Structures are given as C-alpha cells and as structure tokens.
Amino acid sequence: MRVGILGSGLMGGKLGMIFARAGHEVIFSYARSNDKLKRLARDAKGKTRPGTPRDAAQEADALLLAVHWSRIDDVLKQAGDLSGKVIVTCSLPMDAGNTKLIIANSSSGAEEVAKKVPKARVVSAFNTVPSEVLFGVYDARRKTTRPSLVYCGDDESGKTVAAELIRDAGFDPIDAGALHIARYTEPFALLVAQLAYEGEGGPELAYRFERFGK
Ligand SMILES: NC(=O)c1ccc[n+]([C@@H]2O[C@H](COP(=O)([O-])OP(=O)(O)OC[C@H]3O[C@@H](n4cnc5c(N)ncnc54)[C@H](OP(=O)(O)O)[C@@H]3O)[C@@H](O)[C@H]2O)c1
C-alpha cells in the first residue's frame, strides 16, 4: 500500500524505512528540514519519496501520525482533508517535557485525534514500542515467536490496514478492541518506555512485557 508518514522522527523515520523494506510505497513528510526527508527517502531505498503532509494525505492509503503532541494540530492542518483516510497514530499526549500524559483516564490521545478528524479512520498502534527496538524486531520477523503489539480502533477496515502494517513490521498484531481502549494502552506505553529507557533490562524487558498478556 501507499503509506504517508506524518512526522519523520524517531518513530516515523524508522517505521517508514521498515514499511518501505516490506514493499510499501512510502512518502516521508513533516520534519524540520527537507534535506532530512530526502535523506530518509534515499536511505530507505524502495519506492520512497519526500513530500509535504498534504502530498502524503492525498496520495497515501494509510498515514502514520508520529509527532509530538504539541505538533498534532499543525501537522493535521498541513495535511488538509483526511476524510476516509486510515490514520495509525502512535503519538502520545505528552506534556512539553515528555514527563507525563496530559490526557488520561476519561479520554486518550487517540480519541482526541479522532475528534479532530471525525471523518478519518483512526487506529492507535505502535505507541507501546520504543523506537530503538523497531529494526531488531523487523530483522527477526521470520522467527516463530514474534513480539505482540496491541492496537485498537472503532473502524474495522482501518484496523485491518493497521494489523497488516504491524505484521509487516515484524510484530504479532493483537486487537485490543475499540478506540477508547487507548486510555489503557497509552499509560502502558509509558511503562514500556520506562523499562526500555531506564530499567536495567532495557528493550529485552519491554518485549517480555508486551508478550506477557499473551
Ligand atoms: N520515540 C519513541 O520511542 C516513541 C515510542 C512510542 C510513542 N512515541 C510517540 O510518537 C510520537 C513521535 O515521537 P518521536 O520520538 O518519533 O518524536 P521525534 O523524533 O521528535 O519526531 C517528531 C517529528 O516531528 C518533526 N517536527 C517537530 N517539530 C516540527 C516543526 N515545527 N515542523 C516540522 N516538523 C517538525 C520532527 O522533525 P525533525 O526530524 O527535524 O526533528 C520529527 O521528524 C510522539 O507523540 C511520542 O510520544 C515515541
């Protein structure tokens, strides 16, 4: 499929490269420099190109939303009409210092994104995985046991698209239910990040947690 990356940083840059390696067409958009987008597209090889958020929105079948919470409104505005588009969001509703969730319990970042683009098909995925492990998971994808990755959403066809991308990235997709389940997966993502970045076991421990439920 054609995948538009809205936010080509740690998550978007790596996942875009992985989707390209898996055979998808990828448009990298939204970084502070156009040179970075060009470099990502060149390094990813495959059918990739740099573009604007609007290019990505118009041309892609699915969009990965991977920006800091403070940039959500800007990138969505630049993307323009997102009616009918599948938006897979990994963006967590973090404060400016990335220390805590500013939306939790009674809503979630994913639900707030869905309110901003009511005609899009929003799926929450990839937020429970630290970017550091993405290439390793992709490289190990043919092993019989893959790390699980939860996703949730209200639109079944959007979820089918997200599950395909999750599988192509080397994970075993676990349907956690409706979009409001992001109220539980988003805080869980902070636990995984805590283990990955500050816990002694690092990414290995994060994997174990992701597989624990299964
Ligand atoms: N990193 C993780 O392990 C991880 C894990 C789970 C969820 N998340 C969530 O995923 C989202 C993205 O995280 P990330 O770590 O990938 O962030 P990031 O590396 O900072 O990437 C954000 C992207 O937005 C771009 N950007 C920022 N300000 C911009 C501006 N004014 N104009 C144009 N582009 C701008 C950045 O440009 P530059 O490339 O030029 O910096 C970058 O490409 C966040 O919501 C985070 O909470 C991250």
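Residues numbered from 1 in each chain as written. Predicted model: local features only at pLDDT ≥ 70, side-chain atom pairs only at ≥ 80, totals over all residues. Heavy atoms only, no water.

Things to note about the site of the ligand
For the ligand, the set of nearby residues contains 20 residues, the closest of which are Met11, Arg32, Lys36, Val67 and Tyr197. One of the backbone nitrogen or oxygen atoms of Ser8 is found 3.3 Å away from an oxygen atom of the ligand. Out of a free accessible area of 880 Å², the ligand has 79% covered by protein chains. Of the residues that constitute the shell around the ligand, the class distribution is 11 nonpolar, 6 polar and 3 charged. (Near = heavy atom within 4 Å. Polar contact = N/O pair within 3.5 Å; in protein donor to acceptor, adjacent residues only side chain to side chain. Areas by Shrake-Rupley, 256 points an atom, 1.4 Å probe, with all protein chains shown as cover. Nonpolar A, V, L, I, M, F, W, Y, C, P; charged D, E, K, R; others polar.)

Topic: the pairing of strand β1 (residues 2-6)
Of all 5 residues that make up β1, 4 are buried, and the element is covered over most of its length. Relative to strand β2 (residues 25-29), β1 runs parallel, the two being bridged by 5 bridges. Across the sheet, residue Arg2 finds its bridge partner in β2, namely Glu25. This β-α-β element, β1 to helix α1 (residues 10-21) to β2, shows right-handed connectivity. Bridging between β1 and strand β4 (residues 62-65) involves 4 bridges; their strand directions are parallel. Paired with Val3 across the two strands is Ala62, which belongs to β4. (Buried < 20%, exposed > 50% of the residue type's maximum accessible area, 1.4 Å probe, protein only. Helix = DSSP H or I, 4+ residues; strand = E, 2+ residues; numbered from the N terminus. Pairing = 2+ DSSP bridges. Right-handed = clockwise from strand over helix to strand, strands pointing away.)

Quick notes on the side chain of Lys14
Looking at where Lys14 falls in the secondary structure, it is placed in helix α1. Buried within the structure, Lys14 lacks any salt-bridge partner; its nearest side chain of opposite charge belongs to Glu132, at an N-O separation of 5.4 Å. Discounting residues that sit within four places of it in the chain, Lys14 has contacts with Gly9, Ser131, Glu132, Leu134 and Phe135. (Lys, Arg positive; Asp, Glu negative; His and termini not counted. Salt bridge = Lys/Arg side-chain N within 4 Å of Asp/Glu carboxyl O. Contact = heavy atoms within 4.5 Å.)

Focus on the pairing of strand β8 (residues 172-175)
Here 4 bridges tie strand β7 (residues 148-153) to β8, and the two strands are oriented parallel to one another. Residue pairing for β8: Ser148 is matched across the bridge by Asp172.

Notes on helix α8 (residues 182-197)
Given 3.6 residues to a turn, an α-helix orients residues that are three or four positions apart in the same direction. End to end, α8 covers 22 Å across 16 residues, agreeing with the expected 22 Å (1.5 Å per residue, within 8%). Those residues of α8 that sit buried are Ala182, Thr185, Glu186, Ala189, Val192, Leu195 and Ala196. (Expected span 1.5 Å × (residues − 1).)

As for the sheet that holds β1
A sheet is described by the order of its strands in space; here 8 strands give the open sequence β3-β2-β1-β4-β5-β6-β7-β8, paired in mixed fashion. Each end of this open sheet is capped by a strand with a single partner; those strands are β3 (48-50) and β8. With strand direction ignored, the average angle separating the axes of adjacent strands in the sheet is 25°. Here β2 pairs with β3 via 3 bridges, running parallel. Across the sheet, the residue bridging to Phe28 is Pro50, located in β3. (Axes fitted to C-alpha atoms, helices over the stretch in contact; angles between N-to-C directions.)

A closer look at helix α7 (residues 156-168)
Relative to the 18 Å expected for 13 residues at 1.5 Å per residue, α7 spans 18 Å between its end C-alpha atoms, a close match to the ideal helical length. Burial in α7 covers these residues: Gly158, Lys159, Val161, Ala162, Ala163, Leu165 and Ile166. Just downstream of α7 lies Gly170, where phi reads positive at about 105°.

A word on the environment of Ser157
Within the fold, Ser157 resides in helix α7. Judged by its relative accessible area of 37%, Ser157 falls in the partly exposed class. Expressed as a C-alpha distance, the spacing of Ser157 and Ala79, which sit 78 residues apart in the sequence, is 21 Å. Within the structure, the side chain of Ser157 is placed 2.5 Å from the side chain of Arg121, a separation counted as a polar contact.

So far we have only geometry, and geometry alone does not tell us how the molecule works.
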